[in-house]
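# Summary of structural features
Below, each chain spelled out in residue letters.
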Amino acid sequence: MAALRRTSRLLRHVLCNSRTTTVVQTRKIGEIWVDGSCINPALGLTEEQKQIQKVATDYAKNELFPNMAKWDEEEIFPVDTLKKAGELGFGAIYCREESGGTGLNRQDASVIFEALSQGCVSTTAYISIHNMCAWMIDEFGNKELSQKWIPQLSTMEKLASYCLTEPNHGSDAANLSTTAKQVGDKFILNGSKAFISGGGDTDVYIVMCRTGEQGPKGISCMLVEKGSPGLAFGKKEKKVGWNSQPTRAVIFEDCEVPASNLIGELGDGFKIAMRGLNGGRVNIASCSLGAAQSSIQLTRDHLKVRKQFGKTLDSFQHLQFTLADMATKLVTSRNIVRMAARALDEDWSEKVALCSMAKYFATEECSKICNDALQLHGGYGYLKDYAVQQYVRDIRVHQILEGTNEIMRLLISRDLLTDGERKYS
Amino acid sequence: MSGFRILVGCKRVIDYAVKVRVKPDKTGVVTEGVKHSMNPFDEIAVEEAVRMKEKKLASEIIAVSCGPQQCQETLRTALAMGVDRAIHVITEPKEYESMQPIHVSKILSKIATEEKADLVIVGKQAIDDDCNQTGQMTASLLDWPQATFASKIEKSNGDLSVMREIDGGLETIKVKVPAVLTSDLRLNEPRYATLPNIMKAKKKPLVTKKPSDYGVDITPRQEIVSVEDPPVRQAGQKVESVEELVTKLKEAGLV
C-alpha cells in the first residue's frame, strides 16, 4: 500500500514534468510548507536527529496515517506494523546497544515519538509504553533478563505491557495491593491490575506487586510472561480513543512466576516504577506534540481553502489569532518536553519535576490545540472522515495516564516546597 | 570473483513534494530554505546496489555526490541505507548552478577508473533538470556498455541481464561488465534507513575532493538566459453533448 502510494506520487511528479499544468495536491502530514515554518519540529536538532526524524516521519506518513482511522474504527491492534517499526529500531530506542537496543537517548526518543504520533497517536503511545518496559528490564534487570528479552522486544517480535494501576489504586499507587509471596524458587502472585495497555495481546508484563511491608518500600517488580499458570485477562474495554491498542484488566490467581524474573532487588519496585514513568511522561507528552503538530497542519490547510462570506477562512483575524495561539502553544510545549528529555539524559536532580511539568503542560496545551483545530474545522471537524476529531479523542487520555495531571502538579509543588533531600529523584 | 565494486551517483535535488518557485530575477529557481533530498531515481540506484551486496553479488558500494557542502547529508542518507563509503566532490554553490551532466559524467568516469569499479549505477534522470544524460555520457567516456532505464537487473554467467522499459513494452538485454546502468522507477522500492544504520553511517568514511583533483574543468559551457514559469492553464468549459463539442471545436477552428 505504502509502496503504491510512493510510486504514484513519484509518477505524478514525472507526469507533471512532462506537462505544464499545476496539479493541486491535498497536503498530508509532513508536507513541505512546514519545513520553512516556525512550527518545524526539526528546528534546533542535530543532523543525526534530523535523519532519525525523517525516517520516523516517513514511517508515520506511509505506514500509520493511512490506517489510523481504520484501526480506530475497527479497533485493530496493528501487530505487523509494530514489527515493521521494530525492524527499524523503534522497539528499544533507549536501551543499550550491548543488550540489543538501539542505544539512542531520550531526546532522540522524544523526537521519534512526536514524529510517529503524527501518523497515529494510539499506536505510537503503545510503542512508547513498550519502550518504557524494555528500558526498565535493561536498566534494572540482571544480565540474564536483559539478554533474554531486549533483543526480542527491540524487534517487537515480543510485545510488553506495564502493570502498575489497580482497580482501587490509581494515583495512590504506593499502596497497591497485588501480592507476591516467595515459595521456593517461585513467586505466587495474587490480585489484579486495571487499564493495562496491550493487556491480553502482549507477551510480557512488567508487574508491580507487594512482597513486603505496606507503602512504597514493600513493592517489587516482576516480569510475568503470557501463558504463566494463573494469569488471566478481563474483557476488552470500550474506550473514547486509543482504540488501536487493547486495554484489559490483568488478573493474577495464584499466578506462578520464576524467582529469576524479579527485576532489580526486592523492594525496588516503586523506585523502578517511578523511574520508568519519568521517561514515560516525556514519551506520552511527545505523543501529544505529534497530534498537535498534525492538527495545526491540517487546520492551516483547511483555513486556506474553506470559504465563508466570500473569503477564505485564513483572512479572518479571529481565526488567524487562534492559529497563532495554537502554534505558540505547540512550540512552547515542545521546548519543555525536549528540556525534560535532556534532564533525563543528563540525570539532572530536578528531572522528576521537569518531566512532570513537561507532561502536565504539553498534554494540557496540546489537547487545547487539537480541540481548537476541531473547532476551526467547523462541522467537518466533528465528522470521522476528518482526522482532527481522532487526535482530540486519542490525546485526551494523556491528561489522565502516566500519573494524572493533578499528580503532576503535586510533584512540581513538592519539588518547590520540600526542604532538604528530594524524594524519588 | 568476489563480487562487483559498485559506484552509485547521489544527486541532491529539491524534494519532489516542494512546489518549485522561479526566482524574481529569472536566473533560476528558489533553493534557499527549500527542502532537499536525494534524487528519487538515485535512491532506487542505491537500493539496487545494496540489494546486490546483500545477495553477495557486490563486494563494495561507493556513493558519489557532486555539489555544495549540503550534499554530505545526501551521502549520509546513502550510507545509512547500506553504502560502504562516500566521496563528496565539492563545488562552490555558484559553480554548482552552472554544472552540467557532462561535468558530472567526467567526474564519475574518473572515479570509476580510480576505484576500479565494475558497475556504475545512477538514476535515469534527476527530478530537477530532467536531463537524462549522465549515465549515457559516463558510459561513453569510459567506453563501457550501458543499460539504461533498468526495471530489473539479474546476473547471468558473469554478465548482467537487464530488463528495460521501452515504449510499448519491455526489452531484456545482456551487458558485459564493466557497465553503466541507470535505474527506472519500477526497479525497486527503496527501504527506510534503520536507526542503528543511521548511527553507523556517521562512522563510515566520507572523503571530500575537488573537481580539479580529477582533472575536470567545470567552467560553464553554457549560460542560462532566463528561467520562466510555465503558462497558467486556462479554465475549460463543460459541454452537454457530442454535437455541442463538435460545434465548439468548429468555432475554435480546431476541426
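The name given to chain B in an unreviewed UniProt entry is Electron transfer flavoprotein subunit beta, and the organism recorded there is Magallana gigas. For the record of chain B, the UniProt heading Sequence similarities (unreviewed entry) holds the text "Belongs to the ETF beta-subunit/FixA family." Listed under Subcellular location (unreviewed entry) in UniProt, the entry text for chain B is "Mitochondrion matrix".

The name given to chain A in an unreviewed UniProt entry is Isobutyryl-CoA dehydrogenase, mitochondrial, and the organism recorded there is Magallana gigas.

This part takes up the overall build of chain B. Counting its secondary structure elements, chain B contains seven helices and eleven strands. Each principal axis of the C-alpha distribution contributes one length, and for chain B these read about 70 × 45 × 40 Å. Looking at the 255 residues of chain B, the share that counts as buried comes to 45%. About 13300 Å² of surface is accessible on chain B, with carbon and sulfur atoms providing 51% of the total. One finds the centroid of the 37 positive side-chain charges in chain B at a distance of 6 Å from the centroid of its 37 negative side-chain charges.

Turning to the state of the cysteines, a few remarks are in order. All names here are of chain A. Summed over the entire model, instances satisfying the criterion amount to zero disulfides over all chains. Here Cys-120 stays free of any disulfide, with the sulfur of Cys-287 as its closest cysteine sulfur at 9.9 Å. Here Cys-370 is not disulfide-linked; the sulfur of Cys-366 is the nearest cysteine sulfur, at 6.6 Å.

Let us now look at the environment of A:Ser110. Structurally, A:Ser110 is set in helix α5 (residues 106–117). In this view, A:Ser110 contacts A:Val282, A:Ser286, A:Val337 and A:Ala341; residues no more than four positions away in its chain are not counted.

To continue, consider the UniProt feature "domain: Electron transfer flavoprotein alpha/beta-subunit N-terminal" (unreviewed entry) in chain B. Summarizing the sequence annotation, UniProt attributes the feature "domain: Electron transfer flavoprotein alpha/beta-subunit N-terminal" (unreviewed entry) to residues 26–218 of chain B in the numbering used throughout. Segment residues 26–218 of chain B splits into 33% helix and 31% strand. End C-alpha atoms: 23 Å apart.

So, about the environment of A:Ser122. All names here are of chain A. Considering the arrangement of structural elements, one finds Ser-122 in helix α6 (residues 121–140). Look at Ser-122 and you get buried, because its relative accessible area is 1%. With 39 residues separating them along the chain, Ser-122 and Ser-161 place their C-alpha atoms 14 Å apart. Leave out the neighbours within four places in its chain, and Ser-122 touches Trp-242, Asn-243, Ser-244, Gln-245 and Asp-394.

This part is about a nonpolar patch on the surface. Among the surface-exposed residues, B:Val239, B:Val242, B:Leu245 and B:Val246 lie close enough to one another that they form a single nonpolar patch of about 300 Å² accessible area. Along the chain, the position of B:Val242 falls in helix α7 (residues 242–251).

Right, let's talk about the side chain of A:Gln390 for a bit. Here A:Gln390 lies in helix α11 (residues 388–396). What A:Gln390 contacts, discounting residues up to four positions off in sequence, is A:Met68, A:Ala69 and A:Asp72.

Residues and elements named next belong to chain A. Counting buried residues along strand β5 (residues 219–225), six of its seven residues qualify, which places the element largely inside the surrounding structure. By the bridge criterion, seven bridges tie strand β4 (residues 204–210) to β5 in an arrangement that is antiparallel. Its bridge partner lying in β5, Val-207 is registered against Met-222. Two elements, β5 and strand β8 (residues 262–263), share two bridges in a ladder whose sense is antiparallel. When the bridges of β8 are listed, Cys-221 appears paired with Ile-263.

With that settled, consider the UniProt feature "active site" (unreviewed entry) in chain A. All names here are of chain A. As recorded in UniProt, the sites labelled "active site" (unreviewed entry) are Glu-402. The residue Glu-402 is located in the loop between α11 and α12 (405–417) in this model. Taking the relative accessible area as the measure of exposure, Glu-402 reaches 12% and is therefore buried. Apart from residues lying up to four places away in sequence, Glu-402 is in contact with Met-132, Leu-277, Gly-280, Arg-281, Ile-284, Lys-359 and Met-408.

Let us look at the domain arrangement of chain A. Residues and elements named next belong to chain A. Domain boundaries assigned for chain A yield domain 1 (31–154), domain 2 (160–267) and domain 3 (271–417). For domain 1 versus domain 2, the distance between C-alpha centres works out to 24 Å. Contacts between the two partners involve 25 residues from domain 1, matched on the other side by 24 residues from domain 2. Interface of domain 1 and domain 2: buried area, both sides summed, is about 2000 Å²; carbon and sulfur atoms make up 65% of it.

Grouped together as the largest cluster of nonpolar side chains are 144 residues, with contacts concentrated most on A:Phe90, A:Tyr162, A:Ile206, A:Met208 and B:Met52. The element that contributes the greatest number of residues to this core is helix α8 (residues 269–305) of chain A, accounting for 15 residues. When sequence neighbours within four positions are dropped, the list of residues in contact with A:Phe90 reads A:Val55, A:Ala56, A:Tyr59, A:Ala85, A:Ile112, A:Leu116, A:Ile127, A:Asn131 and B:Leu195.

All names here are of chain A. By the secondary structure assignment, Glu-114 is in helix α5. When its relative accessible area of 1% is taken as the criterion, Glu-114 is described as buried. When near neighbours in sequence (up to four residues on either side) are disregarded, Glu-114 contacts Pro-41, Ser-286, Leu-289, Gly-290, Gln-293, Arg-334 and Arg-338.

Spanning 26 residues, helix α10 (residues 351–376) of chain A covers 36 Å between terminal C-alpha atoms, matching the ideal 38 Å at 1.5 Å per step. Looking one or two residues past α10(A), A:Gly378 carries a phi angle of roughly 60 degrees, positive in sign.

Quick look at the packing of aromatic side chains now. Per the stated rule, a full pass over the model turns up eight aromatic pairs over all chains. With a centroid separation of 6.2 Å and 65 degrees between ring planes, the pair formed by A:Phe309 and A:Phe316 is classed as edge-to-face. Ring geometry for A:Tyr380 and A:Tyr386: centres 5.5 Å apart, planes at 50 degrees, overall tilted. What makes A:Tyr380 partly exposed here is its relative accessible area of 34%. Site record: aromatic cluster; members linked through ring pairs are A:Tyr59, A:Phe90 and B:Tyr192. For the cation-ring pair, B:Lys155 lies above B:Phe4, with the distance from its terminal atom to the ring centre recorded as 5.1 Å.

This part takes up unusual backbone geometry. Looking along the chain, the bond that leaves B:Val177 and enters B:Pro178 is cis, with omega of 0 degrees. Along the chain, the position of B:Pro178 falls in the loop between β9 (169–175) and β10 (179–183). Phi at A:Phe309 takes a positive value of approximately 50 degrees, unusual for a residue other than glycine. Relative to the helices and strands, A:Phe309 resides in the loop between β9 (307–308) and β10 (311–312). Accessibility expressed as a relative area gives 74% for A:Phe309, which makes it exposed. We note that B:Asn132 has phi near 60 degrees; this positive angle belongs to a residue other than glycine. By secondary structure assignment, the location of B:Asn132 is in the loop between β6 (119–123) and α5 (134–142).

What counts and what doesn't
Residues numbered from 1 in each chain as written. Chains lettered and ligands numbered in written order. Predicted model: local features only at pLDDT ≥ 70, side-chain atom pairs only at ≥ 80, totals over all residues. Heavy atoms only, no water. UniProt positions renumbered as here; feature names shortened; annotations may be inferred. Helix = DSSP H or I, 4+ residues; strand = E, 2+ residues; numbered from the N terminus. Buried < 20%, exposed > 50% of the residue type's maximum accessible area, 1.4 Å probe, protein only. Areas by Shrake-Rupley, 256 points an atom, 1.4 Å probe, with all protein chains shown as cover. Lys, Arg positive; Asp, Glu negative; His and termini not counted. Charge placed at Lys NZ, Arg CZ, Asp CG, Glu CD. Disulfide = S-S within 2.5 Å. Contact = heavy atoms within 4.5 Å. Patch = residues over 30% accessible without salt bridge, like charges linked within 9 Å, V, L, I, M, F, W, Y side chains within 5 Å. Salt bridge = Lys/Arg side-chain N within 4 Å of Asp/Glu carboxyl O. Pairing = 2+ DSSP bridges. Domains from an automatic or database assignment. Buried area = accessible area lost by both parts, 1.4 Å probe. Core = buried A, V, L, I, M, F, W, Y, C linked by side-chain atoms within 4.5 Å. Expected span 1.5 Å × (residues − 1). Phe/Tyr/Trp six-rings, centres within 6.5 Å; stacked < 30°, edge-to-face > 60°. Lys NZ or Arg CZ within 6 Å of the ring centre and 35° of its normal.

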